[in-house]
Amino acid sequence: MKVVLAGGTGQVGGILDRALTAAGHEVAVLTRRPARERDIGWDGVTLGRWAGAVDGSDVVINLAGRSVSCRYTPGNLRAMMDSRVDSARVVGEAVAAAARPPRVWLQMSTATVYAHRFDAPHDEATGVIGGSEPGVPDYWAYSVEIAKNWERAQAEARTPATRKVALRSAMVMSPDRGGVFDVLLWLARLGLGGPVAGGAQYVSWIHDEDFVRAVELLIDRDDIEGAVNLASPGPLPQREFMRALRAAWGVPLGLPATRWMAEIGAFALRSDTELLLKSRRVVPGRLRAAGFDFLHPEWPEAAVDLVGRARALRAHRRADRGVPASR
């Protein structure tokens, strides 16, 4: 199978690239900074020679977009919007222009499209799209607009021969350096992994192995199109999420943080409190209906697995540097 992976050099792109390549597929990565033989340069905005890789491919997966791990300034929010909408638009143009278009186009989206909510989970059929919740910061609505416009750019592309799926993904948990799990584990190890602003807000997540398997299912299932939630069936409140992570590493306590403390911490990490404070209670309705069986449905077990892999990676890096093993 020939796969074109746009924006494939980030954390999630690396996960898919490794898995699909290991499975024997031919993977071409569209990137602004090509470094390997199978990397192809593109700018994520305009058609170019890269579009030749799309013509004749079996699958296009577009993950491109400015990282959300940043301060949500007006400039950064605009860059998030433009990078996502532009890349989806130009991928659609490449698919439309192909003499032999791919049979499926998987477009990254986000579970952030759903409303800040505690009382009930969001699935694809009954979930409430956010943007008008009372009592939340105004810029949270802009994050929802980014997600809606991202999906709209794919939906409006004139690609009748290509099935289209929007991946409303929760946070993908892997031990890769710099990923969200790596950051959360670092906080837990420092003793800072306690409840934030009470910790009642839900965390939706998906283990990287299940993320890859879900993508493989969506590639294979010709009867599935439109928005699909990529999230474990076990979202849980932030205080319970971090308690399980601390237990997996062996940290007995985690200092709690108020909202203003979270603001200071997010500023220091050059991130934003929406990632900590918005309640994302998202469940995989369509995946479960399609018979998808999660390998890691519950967070405590998933955290143990990820911590074990993180420890192994740390030991491997230490061995490469000639540093004695330690906790």
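Preceding this paragraph is the structure being described.
Residues numbered from 1 in each chain as written. Predicted model: local features only at pLDDT ≥ 70, side-chain atom pairs only at ≥ 80, totals over all residues. Heavy atoms only, no water.

Visitor: Can you walk me through the overall build of the protein chain in this structure?
Guide: A count of helices and strands for the protein chain gives 11 helices and 11 strands. Since a compact globule built from 327 residues should have a radius of gyration of about 20 Å, the 20 Å found for the protein chain is in line with a globular shape. Considering the protein chain as a whole, with its 327 residues, one finds that 51% of them fall into the buried category. Taking the intrachain contacts of the protein chain between residues at least 6 apart in sequence as the baseline, contacts between residues at least 24 apart amount to 77%. (Helix = DSSP H or I, 4+ residues; strand = E, 2+ residues; numbered from the N terminus. Rg over C-alpha atoms; globule rule 2.2 N^0.38 Å. Buried < 20%, exposed > 50% of the residue type's maximum accessible area, 1.4 Å probe, protein only. Contact = heavy atoms within 4.5 Å.)

Visitor: I tried to follow the nonpolar core on my own but got confused; where do I start?
Guide: Nonpolar side chains tend to gather and get buried jointly when the protein is soluble and globular. In this structure, Leu16, Ile61, Leu106, Phe211, Leu218 and Leu230 are the most contacted members of the largest nonpolar core, which totals 35 residues. By residue number, the principal contributor to this core is helix α6 (residues 208-220), which donates seven residues. Those residues in contact with Phe211 that lie beyond four places of it in its chain are Val12, Leu16, Met108, Ser169, Val172, Ile206 and Leu230. Membership of the second largest hydrophobic core comes to 20 residues, among which are Ala244, Ala302, Ala303 and Leu306. (Core = buried A, V, L, I, M, F, W, Y, C linked by side-chain atoms within 4.5 Å.)

Visitor: I would appreciate a short explanation of the packing of aromatic side chains in the present structure.
Guide: Two measures describe an aromatic ring pair: the distance that separates the ring centres and the angle between the ring planes. In the structure shown here, the tally under the stated rule is five aromatic pairs. The interplanar angle of 75 degrees and the centroid separation of 5.1 Å between the aromatic rings of Trp42 and Trp50 together place this pair among those described as edge-to-face. The pair formed by Trp42 and Trp50 is uniform in burial state, with each residue classed as buried. Between the aromatic rings of Phe241 and Trp299, the centroid separation amounts to 4.2 Å while the plane-to-plane angle is 10 degrees, which identifies the pairing as stacked. (Phe/Tyr/Trp six-rings, centres within 6.5 Å; stacked < 30°, edge-to-face > 60°.)

Visitor: Is there a simple way to think about the sheet that holds strand β6 (residues 163-169) in this case?
Guide: The pairing of strands in a sheet comes from backbone hydrogen bonds and takes either a parallel or an antiparallel form. Reading across from one edge, β3-β2-β1-β4-β5-β6-β10 is the order of the seven strands in this open sheet, with parallel pairing throughout. Unpaired on one side and paired on the other, β3 (39-41) and β10 (226-230) mark the two borders of the sheet. Neighbour-to-neighbour, the strand axes of this sheet turn through a mean angle of 20 degrees, independent of strand direction. Bridge count for strand β4 (residues 59-62) against strand β5 (residues 104-108) is four bridges, and the pairing is parallel. When the bridges of β5 are listed, Val60 appears paired with Trp105. Of the strands in this sheet, β4, β5, β6 and β10 are in contact with α6, which crosses β5 at around 145 degrees. (Pairing = 2+ DSSP bridges. Axes fitted to C-alpha atoms, helices over the stretch in contact; angles between N-to-C directions.)

Visitor: Sorry, what's going on with the packing of helix α5 (residues 180-189) against helix α7 (residues 238-249) here?
Guide: How two helices sit against one another is set out by the angle between their axes and by the gap between those axes. At a minimum axis separation of 10 Å, α5 and α7 run at an interaxial angle of 75 degrees. Considering the angle they form, α5 stands roughly perpendicular to α7. The segment α5 lies against α7, with Phe181, Leu184, Leu185, Ala188 and Arg189 engaging Phe241, Met242, Leu245, Arg246 and Trp249. Each residue belonging to the contact of α5 with α7 can be placed in one class, and the counts come to eight nonpolar, no polar and two charged. (Parallel < 35°, antiparallel > 145°, perpendicular 65-115°, else oblique. Nonpolar A, V, L, I, M, F, W, Y, C, P; charged D, E, K, R; others polar.)

Visitor: Just checking my understanding: could you explain α5 for this structure?
Guide: Think of an α-helix as 3.6 residues a turn; residues three or four steps apart then line up on the same face. All buried positions along α5 are accounted for by Phe181, Leu184, Leu185, Leu187 and Ala188. Projection of α5 onto a plane perpendicular to its axis shows the buried side chains occupying an angular sector of 155 degrees, all on one side. Against β7 (171-173), α7 and α11 (299-321) lie the buried residues of α5. (Arc of directions from axis to C-beta.)

Visitor: Would you take a moment to explain unusual backbone geometry for this structure?
Guide: Trans is the common state for peptide bonds, and a negative phi is the common state for residues other than glycine. A positive phi angle is found at Ala197, which is not glycine, with a value near 55 degrees. Note that Ala197 resides in the loop between α5 and β8 (202-203). Owing to a relative accessible area of 34%, Ala197 belongs among the partly exposed residues under this scheme.

Visitor: How do you make sense of the pairing of β4 when you look at a structure like this?
Guide: Every regular strand shows the same layout, with side chains that alternate between the two sheet faces. Across the two faces of β4 the burial is the same, with Val59 and Ile61 and Val60 and Asn62 all buried. Running through helix α3 (residues 74-97), the crossover from β4 to the neighbouring parallel element β5 is right-handed. (Right-handed = clockwise from strand over helix to strand, strands pointing away.)

Visitor: Explanation requested: the environment of Gly285 in the structure shown.
Guide: Within the secondary structure, Gly285 is located in helix α10 (residues 285-289). The sequence separation of Gly285 and Ala23 amounts to 262 residues, and the corresponding C-alpha distance is 27 Å. Ignoring anything within four residues of it in the chain, the contact list for Gly285 reads Asp123 and Glu124.

So yeah, pure geometry; function would need other evidence.
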